[in-house]
Amino acid sequence: MIKLDKINKVFRTNEIETHALNNINLTVEKGEFMSIMGPSGCGKSTLLNIMGLLDKPTSGTILLNGINVEEMSEHKTAELRNKTLGFIFQSFHLIPALSIIDNVELPLLYRKGVSYKERKERAVEALQKVELTHRMKHFPSQLSGGQCQRVAIARALIGQPEILLADEPTGNLDSKMSEEIILLLCEINRSGTTIVMVTHDIKMASNTSRIINILDGKIL
Amino acid sequence: MKHFFITAYYNIAKDKSYTCLCLFGTTITFIFIALALQLMHICSGDYPPMTNANSIIRLDMFKNTDGKNIGGIYYKEANAFTKNLPDFKHISLYHSNAINALAKEQLHNTDIGFVNEEYWNIYNYKFLYGKPFFKEDCINRKQVAVMTEKLSKTYFNKSNGLGEKFSFQGKEYEVIGVVKNVSMFSTPTESVIWVPYVFDKFIPNGMYKYTLDVLTPPSIPINAAKEKIAVAVQQYFNTKNMKVDFFPKQIKTLKETSENNIPGGKMFQYGSTAALLMLLIIPALNILTLNSTNANNRAKEIAVRRAFGAKPFSSFILIAGENFLITATGAITGVLCAVPVMNVLRKNIVGNSAFMDLEIIDHIDYNVILCGALPALIVFSLLSGGLPAYLITKRNIPTVLKE
């Protein structure tokens, strides 16, 4: 599904070079629920961003469903992100100007051939999965942290992505909420979606099928 | 589209101070852009009543070969002189005097023009009410007058002063025509009221001569016309045993003269364009800094949209379009406010000067504004809003989301 080959990522600021990722080789199989663990600053989020085509590696190859994305234009990667990938962020990153339903349908706005009616129907469907249909007319500021993250999950799911990338999805939530979210993710995974999740929390990671540990930009 | 307007409305309403500053800045900018465009158009010399400016040759004061002033065409010989120019059908006689006119029991100091009927054929004054006076009116010494709308308001408290009467130098005149106001930058004379030349007593200025404006017909090339006119003037002064220094090369049309009279001549137009650009760029840069802050506040939203598949162009349109909504509103307000602002400026700047009866800008020609202000709006909007939007869409998504 995703194959990373000799991935390196170097951040350069003036004269300082930080090697965030060192020669990473990793394969994510279809249907897998993988968690990436490691201390702060070890490069796990950088790895997730590269897997999600949000960032480019300094060197190395990324194969997504067998397609080398290295030479792809920004236009093409945007299309690929829209159709194949879904994102869940630690800080939810919902758009405050938009209602819950409008936030959820966001990925479909950038997909050709999806009508207004279909967008709305699919957004309601996605909200049903996270049990938030009663809140669809509300705005993010009116929701709790856990509810916001469920909205973010609905947004990530609406485009029916093959891979869901979650960057510390429970990082901003209390333990009860975190449990709810991880159970939801497990359910999503059971329905066939591949999930890669970055987390600090071993308890959360223990719910996944594979745990990858990273230290100083290397897989242990 | 609905998403765009919802987001735009939210952001515009959320940052009211930013929106107000942008609107205010753009409005002020476009007031001056509209005025500058209009002024440039008026000064171009093709603006009513000067639409024939490039075919009109003015004969006023002359000098002899020693450089001494030898006066103009003597008033009693003016009609005879026009017969020396048989190929020229339209020759106007004009002489002005400052008079005290009595209207509605009030005295008004006004510059009055004594003109013949040809004046109305040469200059394209737009008659709002009534008609000009004709040859018969002059011959029959009809005490009639034509005035501008503004003067009609001053004299009679109404735009349509037809049939109203005023008097000066012991004679009463009836208003038979009211013309549209003229700009001081596009007028053949300073007069705003005209009566038949036959009533001219040449007092108080005592200059017994007429200014002649000759409209060269399209059938005669302008250089040939200049030669014919030069010969006629030379013959006129030869009969008086005077050697006039007046040759075709010295003769200029009113348009050429106005270009020469404007400081910097043709450079004025380049200068005005440069000034207009500066007028556009400086506030655009100010609003650019405001927009950069606003766009930075929205960097996260753009990054999220891009993460979910928004292409750089659609992200650009989102921010730049929002800015366009504000600047377009400001620009329209600015254009609509241009004339009232001009009136306030006119009252305070030229209110008591010799030009008090003339307008600086008589009206806003919306075709000119549309052709000039619309491209200016696009440039302004792209400069002030497009640049920050472009920079935002170029930022690294994870970096923005981490901030």
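Whatever comes next refers back to the structure up there.
The present account deals with the structure reproduced in this document. (Residues numbered from 1 in each chain as written. Chains lettered and ligands numbered in written order. Predicted model: local features only at pLDDT ≥ 70, side-chain atom pairs only at ≥ 80, totals over all residues. Heavy atoms only, no water.)

**So, the overall build of chain A**
- Along its length, chain A carries 8 helices and 10 strands.
- Among the 220 residues that make up chain A, the fraction classed as buried is 55%.
- Within chain A, contacts between residues at least 6 apart in sequence are counted, and of these 72% link residues at least 24 apart.
- Element-wise, carbon and sulfur atoms account for 49% of the exposed surface of chain A, whose accessible area totals about 10,100 Å². (Helix = DSSP H or I, 4+ residues; strand = E, 2+ residues; numbered from the N terminus. Buried < 20%, exposed > 50% of the residue type's maximum accessible area, 1.4 Å probe, protein only. Contact = heavy atoms within 4.5 Å. Areas by Shrake-Rupley, 256 points an atom, 1.4 Å probe, with all protein chains shown as cover.)

**Examining the overall build of chain B**
- Along its length, chain B carries 13 helices and 12 strands.
- Burial analysis of chain B (403 residues in total) assigns 50% to the buried set.
- Considering only contacts in chain B between residues 6 or more positions apart, those separated by 24 or more positions represent 78%.
- With the model as given, the accessible surface of chain B reaches about 19,100 Å², and the carbon-plus-sulfur share is 60%.

**A few points about the interface of chain A and chain B**
- If you look at the interface, chain A gives 26 residues, while chain B gives 23 residues.
- Counting the contacts that link chain A with chain B gives 3 salt bridges.
- With a shortest N-O distance of 3.8 Å, E79(A) and K311(B) are connected by a salt bridge.
- The interface formed by chain A and chain B contains 6 residue pairs in polar contact (both at pLDDT 80 or more).
- Contributing elements (two or more residues each) for the side of chain A that touches chain B: helix 2 (74-84), helix 4 (106-109), helix 5 (116-129) and helix 6 (145-158) of chain A.
- Looking at the side of chain A that touches chain B element by element, the count peaks at 6 residues for helix 2 of chain A. (Salt bridge = Lys/Arg side-chain N within 4 Å of Asp/Glu carboxyl O. Polar contact = N/O pair within 3.5 Å; in protein donor to acceptor, adjacent residues only side chain to side chain.)

**Details of helix 1 (residues 44-51) of chain A**
Residues and elements named next belong to chain A.
- Of all 8 residues in helix 1, 7 are buried, a share of seventy percent or more.
- For helix 1, the set of buried residues is K44, T46, L47, L48, N49, I50 and M51.
- Immediately downstream of helix 1, the backbone of L53 shows phi near 60 degrees, a positive value.

**Quick look at unusual backbone geometry**
Residues and elements named next belong to chain B.
- Backbone geometry at R141 places phi at a positive 50 degrees, although glycine is not the residue there.
- Here R141 is to be found in the loop between helix 5 (135-139) and strand 8 (144-148).
- With relative accessibility at 43%, the residue R141 sits in the partly exposed group.
- Although it is not a glycine, N157 sits at a positive phi angle of roughly 60 degrees.
- Note that N157 resides in the loop between helix 6 (149-156) and strand 9 (165-168).
- Judged by its relative accessible area of 70%, N157 falls in the exposed class.

**A few points about the sheet that holds strand 3 (residues 33-37) of chain A**
Residues and elements named next belong to chain A.
- Read from one edge of the open sheet, 6 strands run 6-7-8-3-9-10, paired in mixed fashion. Each end of this open sheet is capped by a strand with a single partner; those strands are strand 6 (85-88) and strand 10 (218-219).
- In the sheet, strand 9 (residues 210-215) pairs with strand 10 via 2 bridges, with the strands oriented antiparallel. Bridge pairing in strand 10 links L215 to K218.
- Lying on the sheet, helix 2 is in contact with strand 6 and strand 7 (163-167); it crosses strand 6 at an angle near 75 degrees.
- Along the sheet face, helix 6 touches strand 6 and strand 7 and points at about 170 degrees away from the line of strand 6. (Pairing = 2+ DSSP bridges. Axes fitted to C-alpha atoms, helices over the stretch in contact; angles between N-to-C directions.)

**With respect to the side chain of R298(B)**
Residue and element names in this part refer to chain B.
- Of note, R298 is situated in the loop between helix 9 (267-297) and helix 10 (299-307).
- You can call R298 buried: its relative accessible area is 4%.
- A distance of 3.1 Å separates polar atoms of two side chains, one belonging to R298 and the other to E301.

**Considering the packing of helix 6 of chain A against helix 7 (residues 175-190) of chain A**
Residue and element names in this part refer to chain A.
- It is at 10 Å that the axes of helix 6 and helix 7 come closest, and there the two elements cross at 15 degrees. Here helix 7 runs roughly parallel to helix 6, going by the angle between their axes. Like other packed secondary-structure pairs, helix 6 and helix 7 cross with a definite hand, here right-handed. Of the residues in helix 7, those touching helix 6 at G146, Q149, R150, I153 and L157 are M177, E180, I181, L184, L185 and I188. (Parallel < 35°, antiparallel > 145°, perpendicular 65-115°, else oblique. Left-handed = near helix turned anticlockwise from the far one by under 90°.)

**Describing helix 10 of chain B**
- With respect to burial, helix 10 of chain B is a largely interior element, 8 of its 9 residues being buried.
- Every buried residue of helix 10 of chain B is listed here: A299(B), E301(B), I302(B), A303(B), V304(B), R305(B), R306(B) and A307(B).

**Some remarks on the packing of aromatic side chains**
- Counting across every chain of the model gives 27 aromatic pairs over all chains.
- Centroid distance Y119(B) to Y125(B): 5.8 Å. Interplanar angle 25 degrees. Geometry classified as stacked. (Phe/Tyr/Trp six-rings, centres within 6.5 Å; stacked < 30°, edge-to-face > 60°.)

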